Amino acid sequence: MTHDVPVSSPQPLNLSILDLAPVVAGSTPAQALRNTGDLARHAEAWGYRRYWLAEHHNMAGIASAATAVAIGYVAAATTTLRVGAGGVMLPNHAPLVIAEQFGTLESLYPGRIDLGLGRAPGTDQLTARALRRNMGNSDDTFPQDVAELQGYFRPAAPDQAVRAVPGAGLNVPIWLLGSSLYSAGLAARLGLPFAFASHFAPRFLLRAIDLYREQFQPSEALAKPYVMVGANAIAADTDEEAHFLFSSLRTRFANMARGVRGLLEPPGDFDESRWTPGELAFATESLSCSVVGGPATVRAGLDDLIAQTGADEVMVTAQIYDHQARLRSFEIVARAGGLAA
């Protein structure tokens, strides 16, 4: 899939992709996952650095619930692209299980696996209880769970009673993900790279980044702070077409404000009369970290986001109804960002 996209791109940007494997109206999770594999192959050719998948549960419109399984599928479909979790919601799992899963992935695809960790459930509270059963872990134990997980990736001691096999002694990079000051502070104390979920919860973006950089303590994993920010990036050949595609995501978030979490709807005229002012405000604030438009508009928006945040890397995501339009969008973003030749 090749197109000439004329755009001024003086310096390549450091761009990666976050994929939620969106399930669109009239389709299935199986097709969503096949689309994920197809997009990943294109992303590798276009020069994106990473391809992460996110853990969500009990959501009809998201097919990436079994995140480690989906990561293995993407890693098998590519050859050089870094693939990982953005993220695994650690309170849903025993740390040993995650160490074994990602130790297995690292063993199969050495040097290509990332492990991003979040402390939210990635779902509603009823589903969170179903996931955790009687394990007793919660976000209150998140720092201890992260430390336990890190321990499983270190070389096993001769007398170590419990070890991750595979996992022990493997260098799986761990990131902390979040949308709050808490996550930023913990990432700083542990000396880990930090990814902020500004693509859907941007309120504390700048404060969290400042806190992370101010409190950062060098570690074996990282000598200096490293910040990734998330952004919705929906591109097309014209600004008008891109905003038309963006209407699907606006509809999704306006519906979420009233507790409706359905399939991704086709784009169309965004009729504000369908929602209350509060619902519209929720959608607008949630999606305020978005770049939407043609090539030049997208490049300007990404440059502005990097200038505001000083981000080392931007992870772009795009929930677009039509798969070919979604591929086209990510290609335009890559070319506007100076990645693709």
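First, a word on what this report is: a plain description of the structure on this page.

Scanning the protein from N- to C-terminus turns up 11 helices and 9 strands. For 341 residues, the compact-globule formula gives about 20 Å, and the C-alpha radius of gyration of the protein, at 19 Å, lands near that figure. Projecting the C-alpha coordinates of the protein onto the three principal axes gives extents of approximately 65 × 45 × 40 Å. The buried share of the protein, reckoned over its 341 residues, is 54%. Pairs at least 24 residues apart make up 74% of the contacts formed inside the protein by residues separated by at least 6 positions. Accessible area for the protein stands at about 14,600 Å²; split by element, carbon and sulfur atoms hold 55% of it. With 26 positive and 33 negative side-chain charges, the protein shows a spacing of 4 Å between the two charge centroids.

We now examine helix α9 (residues 277-286). An α-helix turns once every 3.6 residues. As a result, residues three or four positions apart point the same way. Among all positions of α9, only E279, L280, A283 and S286 are buried. Buried residues of α9, viewed axially, fall in a sector of 135 degrees; they line one side. Exposed residues lying more than 90 degrees from the buried face of α9 are P277 and T284. Those residues of α9 that are buried are in contact with α8 (239-257).

The tally for this structure, following the rule as stated, stands at 13 salt bridges. Ionic pairing is found between D38 and R41, a salt bridge with its closest N-O pair at 4.0 Å. Of this pair, D38 and R41 are both found in helix α1 (residues 29-46), 3 residues apart, which corresponds to roughly one turn of the helix. Via salt bridges that share partners, R49, R50, R82, D114 and E313 belong to a single interconnected network.

With respect to the element layout, S329 can be found in helix α11 (residues 323-336). By relative accessible area, which is 0% here, S329 ends up buried. In contact with S329, not counting residues within four places along its chain, are A233, I234, A235 and I320.

Thresholds applied
Residues numbered from 1 in each chain as written. Predicted model: local features only at pLDDT ≥ 70, side-chain atom pairs only at ≥ 80, totals over all residues. Heavy atoms only, no water. Helix = DSSP H or I, 4+ residues; strand = E, 2+ residues; numbered from the N terminus. Rg over C-alpha atoms; globule rule 2.2 N^0.38 Å. Buried < 20%, exposed > 50% of the residue type's maximum accessible area, 1.4 Å probe, protein only. Contact = heavy atoms within 4.5 Å. Areas by Shrake-Rupley, 256 points an atom, 1.4 Å probe, with all protein chains shown as cover. Lys, Arg positive; Asp, Glu negative; His and termini not counted. Charge placed at Lys NZ, Arg CZ, Asp CG, Glu CD. Arc of directions from axis to C-beta. Salt bridge = Lys/Arg side-chain N within 4 Å of Asp/Glu carboxyl O.

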